[in-house]
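Tertiary structure, described
Below are the chains, spelled out letter by letter.
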Amino acid sequence: MVARTDVRAGHQGARRYGRKPSGNRSVMYGTMGGMSGELPEYAERVLEAAERIPPGRVMTYGDVAEWLGEGGPRQVGRVMALYGGAVPWWRVVRADGRPLPGSELRALEHYRAEATPLRLTAGGEARLNMPRARWDGREERAARDEGHI
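Criteria and cut-off values
Residues numbered from 1 in each chain as written. Predicted model: local features only at pLDDT ≥ 70, side-chain atom pairs only at ≥ 80, totals over all residues. Heavy atoms only, no water. Helix = DSSP H or I, 4+ residues; strand = E, 2+ residues; numbered from the N terminus. Buried < 20%, exposed > 50% of the residue type's maximum accessible area, 1.4 Å probe, protein only. Contact = heavy atoms within 4.5 Å. pLDDT = per-residue confidence, 0-100. Patch = residues over 30% accessible without salt bridge, like charges linked within 9 Å, V, L, I, M, F, W, Y side chains within 5 Å. Areas by Shrake-Rupley, 256 points an atom, 1.4 Å probe, with all protein chains shown as cover. Salt bridge = Lys/Arg side-chain N within 4 Å of Asp/Glu carboxyl O. Lys, Arg positive; Asp, Glu negative; His and termini not counted. Charge placed at Lys NZ, Arg CZ, Asp CG, Glu CD. Axes fitted to C-alpha atoms, helices over the stretch in contact; angles between N-to-C directions. Parallel < 35°, antiparallel > 145°, perpendicular 65-115°, else oblique. Nonpolar A, V, L, I, M, F, W, Y, C, P; charged D, E, K, R; others polar. Polar contact = N/O pair within 3.5 Å; in protein donor to acceptor, adjacent residues only side chain to side chain.

Thoughts on the overall build of the protein chain
Scanning the protein chain for helices and strands turns up 6 helices and 4 strands. Listing each helix as α and each strand as β along the protein chain from the N terminus yields α-β-α-α-β-α-β-β-α-α. By residue count, 39% of the 149 residues in the protein chain fall in the buried class. Put simply, 56% of the contacts in the protein chain that link residues at least 6 apart link residues at least 24 apart.

As structure tokens, then:
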């Protein structure tokens, strides 16, 4: 696979969906061995959003991007993969309701402890019951917007 050099991070698909590109912020910087200790602004915003999701509720990667008004599911997923260990990472999920691959057991422990709505597939796999578990953040956004008046 060849990396595209004509597209800055945060711009993939922005025009396709009628949204404004997200600017020059990038969550991809440094190398695994030599990352700066400072967190990029976009990453801080994603992690703050994850912390705001109430126990027993979830948001998809795309929901978080939409709530922030920039980036997309891949950018949110990248932030969560790099920095999400210190926040309730199990509350930011894939849109299909499957627990994070490789962390299924840990995520299910959290979901059960928080009484997050689950369902069983025909094959007996536990999945999030997305219509019941999904949180849209409206109450939080209204409270946040009122604080800026």
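A few points about the confidence of the model for the protein chain
Chain-level pLDDT for the protein chain is 78 on average; 68% of the residues reach the 70-or-more range. The low-confidence segment residues 1-35 (pLDDT under 50) makes 39 contacts with residues lying over four places distant or belonging to another chain.

Brief notes about a negative patch on the surface
Taken together, E38, E44, E48 and E51 make up a surface patch of like negative charges. Relative to the helices and strands, E51 is located in helix 1 (residues 41-52).

Here's the deal with the packing of helix 2 (residues 61-68) against helix 3 (residues 73-83)
Taken N-terminus to C-terminus, the directions of helix 2 and helix 3 make an angle of 105 degrees; their axes are 8 Å apart at the nearest point. By the angle between their directions, the pair helix 2 and helix 3 is classed as roughly perpendicular. Between helix 2, through Y61, G62, V64 and A65, and helix 3, the contact on the second element is made entirely by P73, V76, G77 and M80. Per-class residue counts for the contact of helix 2 with helix 3 are 6 nonpolar, 2 polar and no charged.

Here we look at the environment of R94
In this fold, R94 is placed in the loop between strand 2 (92-93) and helix 4 (104-113). As a C-alpha pair, R94 and M59 span 35 residues in sequence and 8.4 Å in three-dimensional space. Those residues in contact with R94 that lie beyond four places of it in its chain are T60, Y61, P101 and M130. There is a polar contact of 2.9 Å between the side chain of R94 and the side chain of D96.

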